[in-house]
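# Chains, contacts and geometry: an overview
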Amino acid sequence: MPIIFIKNEKQTEKLGMELAARLLPGTVVALTGEPGAGKTTFTKAVAKGLGVASLVTSPTFTIINEHKDGRIPLYHFDVYRINDEEEMYELGFEEYFYGDGVCVVEWADRIEGLIPERAIRIHISYGIGENERTFQINENTGDRDNGS
Ligand SMILES: Nc1ncnc2c1ncn2[C@@H]1O[C@H](COP(=O)(O)OP(=O)(O)OP(=O)(O)O)[C@@H](O)[C@H]1O
Ligand SMILES: [Mg+2]
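Throughout what follows, the structure given in this document is the object of discussion.

What counts, and where the lines are drawn
- Residues numbered from 1 in each chain as written.
- Chains lettered and ligands numbered in written order.
- Predicted model: local features only at pLDDT ≥ 70, side-chain atom pairs only at ≥ 80, totals over all residues.
- Near = placed C-beta within 6 Å.
- Helix = DSSP H or I, 4+ residues; strand = E, 2+ residues; numbered from the N terminus.
- Nonpolar A, V, L, I, M, F, W, Y, C, P; charged D, E, K, R; others polar.
- Buried ≥ 20, exposed ≤ 12 C-beta atoms within 10 Å, placed from the backbone.
- Axes fitted to C-alpha atoms, helices over the stretch in contact; angles between N-to-C directions.
- Parallel < 35°, antiparallel > 145°, perpendicular 65-115°, else oblique.
- Left-handed = near helix turned anticlockwise from the far one by under 90°.
- Contact = placed C-beta atoms within 7 Å.
- Core = buried A, V, L, I, M, F, W, Y, C linked by C-beta atoms within 7 Å.
- Expected span 1.5 Å × (residues − 1).
- Arc of directions from axis to C-beta.
- Pairing = 2+ DSSP bridges.

## Considerations on the site of ligand 1
Surveying the vicinity of ligand 1 reveals 16 residues, the closest of which are Thr-12, Gly-38, Lys-39, Thr-40 and Thr-41. Broken down by secondary-structure element, the contributors of at least two residues to the shell around ligand 1 are α1 (9-22) and α2 (39-49). Top contributing element to the shell around ligand 1 by residue count: α2, with 3 residues. Grouping the amino acids of the shell around ligand 1 by side-chain chemistry returns 3 nonpolar, 9 polar and 4 charged.

## Remarks on unusual backbone geometry
Phi angles above zero are rare outside glycine, and Ile-63 is one such case at about 70°. With respect to the secondary-structure elements, Ile-63 resides in the loop between α2 and β3 (64-67). The exposure class of Ile-63 is partly exposed, given the 17 C-beta atoms found within 10 Å.

## Some words on the packing of α1 against α2
Two elements in contact, α1 and α2, have axes separated by 7 Å at closest approach and are oriented at 45°. The angle between the axes of α1 and α2 places the two elements in the oblique class. Seen along the crossing, α1 lies across α2 with a hand that is right-handed. In this structure, α1 contributes Glu-9, Thr-12, Glu-13, Gly-16, Met-17, Leu-19, Ala-20 and Ala-21 to the contact, and α2 contributes Thr-41, Phe-42, Ala-45, Val-46, Lys-48 and Gly-49. Residue classes in the contact of α1 with α2 are distributed as 7 nonpolar, 4 polar and 3 charged.

## A word on the environment of Phe-42
Along the chain, the position of Phe-42 falls in helix α2. With 26 C-beta atoms counted inside 10 Å, the residue Phe-42 sits in the buried group. The spatial distance from the C-alpha of Phe-42 to the C-alpha of Leu-31 is 9.3 Å, given a sequence separation of 11 residues. Dropping the residues within four chain positions of it, Phe-42 is found in contact with Thr-12, Gly-16, Leu-31 and Ile-124.

## Let's talk about the nonpolar core
The biggest cluster of nonpolar side chains holds 32 residues, and the ones touching the most others in it are Val-29, Leu-31, Val-46, Cys-103, Val-104 and Val-105. Elements supplying a minimum of two residues to this core: α1, β2 (28-32), α2, β4 (74-78), α4 (93-97), β5 (102-106) and β6 (120-126). For Val-46, the contacting residues outside a window of four places in its chain are Gly-16, Leu-19, Ala-20 and Val-104.

## Section: α1
With 14 residues, α1 should cover 20 Å at 1.5 Å per step; its first-to-last C-alpha distance of 21 Å lies within 8% of that length. Thr-12, Leu-15, Gly-16, Leu-19 and Ala-20 are the residues of α1 that are buried. Buried residues of α1, seen end-on, are gathered within an arc of 140° and therefore sit on one face of the element. Away from its buried face by more than 90 degrees, α1 exposes Lys-10, Glu-18, Ala-21 and Arg-22. On its buried face, α1 is in contact with β1 (3-6), α2 and β7 (133-139).

## Considering the pairing of β5
β5 sits mainly inside the fold: 5 of its 5 residues count as buried. Residues Val-102, Val-104 and Glu-106 line one face of β5 and the alternating positions Cys-103 and Val-105 line the opposite face, and both faces are buried. Judged from the 4 bridges that link them, β2 and β5 form a sheet pairing that is parallel. In the strand pairing of β5, Leu-31 is matched with Glu-106.

Structure, rendered in structure tokens:
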């Protein structure tokens, strides 16, 4: 699990854009971290990297914002206000998680049971300095290598 030490917001933006360049349709990016850690900031950078021009704002009240103007459709979830997994079924989350877009999910730990095994998990923590963060990135890419 790589750990990336970030010194400022600009580096967070660079990391988000680098991830975006490598994202394939059908990827779920599960973001966790305390309030203000930088989940939305990072998502904005991913959107920018995907070529999304529409405004990316936190979908805290709407749960999901769709951005279809980039290289791959981006579905931005903020599940902070989801109280149980049933609400996610009502939203039709499976169409998104198992579709052809990229899903970025803020507060993914709130719906842990619904996050696909293959998701890229990113936990953002505060550092010592005000603008410092650590990104712990866990990509489950090993499945295909099994049994051959
Ligand atoms: N290195 C950094 N990376 C990301 N954000 C940073 C960094 N340094 C400072 N910040 C600031 O921290 C704040 C991050 O807010 P942001 O809304 O992205 O957090 P969040 O994790 O989405 O919070 P919430 O849980 O409320 O949704 C912003 O005000 C941003 O300017
Ligand atoms: Mg946020």
